[in-house]
Amino acid sequence: MKKEFIMAFVLPDLLYAFDALEPIIDAKTMEIHHGRHHAAYVANLNKAVENYPEWAEKSIEDVIIHLNEVPEAIRTAVRNNGGGHYNHSLFWKMMAPVGQTKPSAFLLAKIDESFGSFDEFKKQFAAAATSRFGWAWLVADGGKLDVLSTANQDCPLEDGKKPILCLDVWEHAYYLKYQNRRADYVDNFFHVINWNFVEELLSKA
Ligand code: MN
């Protein structure tokens, strides 16, 4: 008899339509990115933890925080696919239709305090996002905000840093519309940032 398997991790629904972020991010990219790439991370993560119920029942955040305790046999698979699941789940919520949100005075003050100015923050974030295949991040580290990048599907949460903002700079995130113009994708991303969600993460950090 086939073993019954309960799906431990689930692909979250997008909170908006595939075309909601047009013209910054095209509908086709969103559809493939969410429905195929992210779905594959979830499927592969479920497969990796199939025989490890104590890991299958954790929240994805918990899995990432305790990555070093994951059994070695599945750690690489969990790092890549669990990271992919966690990062993308955050990333979808980081975005909203153009013009829907703006950074609050509180958030701007926090950015000024950490970077000197919003422009300087944006410059550092863009530099992080164009210099690596992986992810660019704004994180809360202690009382301060910091910009960094990670390779592959790695996540700053592994190092105890709280993600505030993230941008997927894998080619699959932008290639259909931007081809090799990654800098334009990064620059345009600022039009679809969901600042309300960024502030929510900051307030919990
Ligand atoms: Mn991606």
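Refer to the structure presented above.
Residues numbered from 1 in each chain as written. Predicted model: local features only at pLDDT ≥ 70, side-chain atom pairs only at ≥ 80, totals over all residues. Heavy atoms only, no water.

> Just to check I follow, could you spell out the side chain of Ser89 for this structure?
Within the secondary structure, Ser89 is located in helix α4 (residues 72–93). What makes Ser89 buried here is its relative accessible area of 18%. A polar contact is formed between the side chain of Ser89 and the backbone oxygen of His85, at a distance of 2.7 Å. Residues contacting Ser89, with those up to four places away along its chain left out, are Pro12 and His38. (Helix = DSSP H or I, 4+ residues; strand = E, 2+ residues; numbered from the N terminus. Buried < 20%, exposed > 50% of the residue type's maximum accessible area, 1.4 Å probe, protein only. Polar contact = N/O pair within 3.5 Å; in protein donor to acceptor, adjacent residues only side chain to side chain. Contact = heavy atoms within 4.5 Å.)

> How do you make sense of the packing of helix α5 (residues 105–115) against helix α9 (residues 195–204) when you look at a structure like this?
Packed helices, taken two at a time, are described by the angle their axes make and the gap between the axes. Close contact between α5 and α9 brings their axes to 10 Å; oriented N to C, the two are set at 65°. As far as their axial angle goes, α9 and α5 are roughly perpendicular. In terms of crossing hand, the pair formed by α5 and α9 is left-handed. Residue-level inspection shows Phe106, Leu107 and Lys110 of α5 in contact with α9, the latter providing Trp195, Val198, Glu199 and Leu202. Its residues assigned to classes, the contact of α5 with α9 shows 5 nonpolar, no polar and 2 charged. (Axes fitted to C-alpha atoms, helices over the stretch in contact; angles between N-to-C directions. Parallel < 35°, antiparallel > 145°, perpendicular 65-115°, else oblique. Left-handed = near helix turned anticlockwise from the far one by under 90°. Nonpolar A, V, L, I, M, F, W, Y, C, P; charged D, E, K, R; others polar.)

> Help me understand the pattern of salt bridges in this model?
Any two side chains of opposite charge can pair, so long as their charged atoms come close to each other. Using the criterion set out here, one finds 7 salt bridges in the structure. Across the pair Glu158 and Arg79 runs a salt bridge, and its minimum N-O distance is 2.6 Å. Taken together, the positions of Glu158 in the loop between β2 (144–151) and β3 (162–168) and Arg79 in helix α4 put the pair 79 residues apart, joining distant regions of the chain. Look at Glu158 and you get partly exposed, because its relative accessible area is 24%. The class of Arg79 is partly exposed, set by a relative accessible area of 23%. (Salt bridge = Lys/Arg side-chain N within 4 Å of Asp/Glu carboxyl O.)

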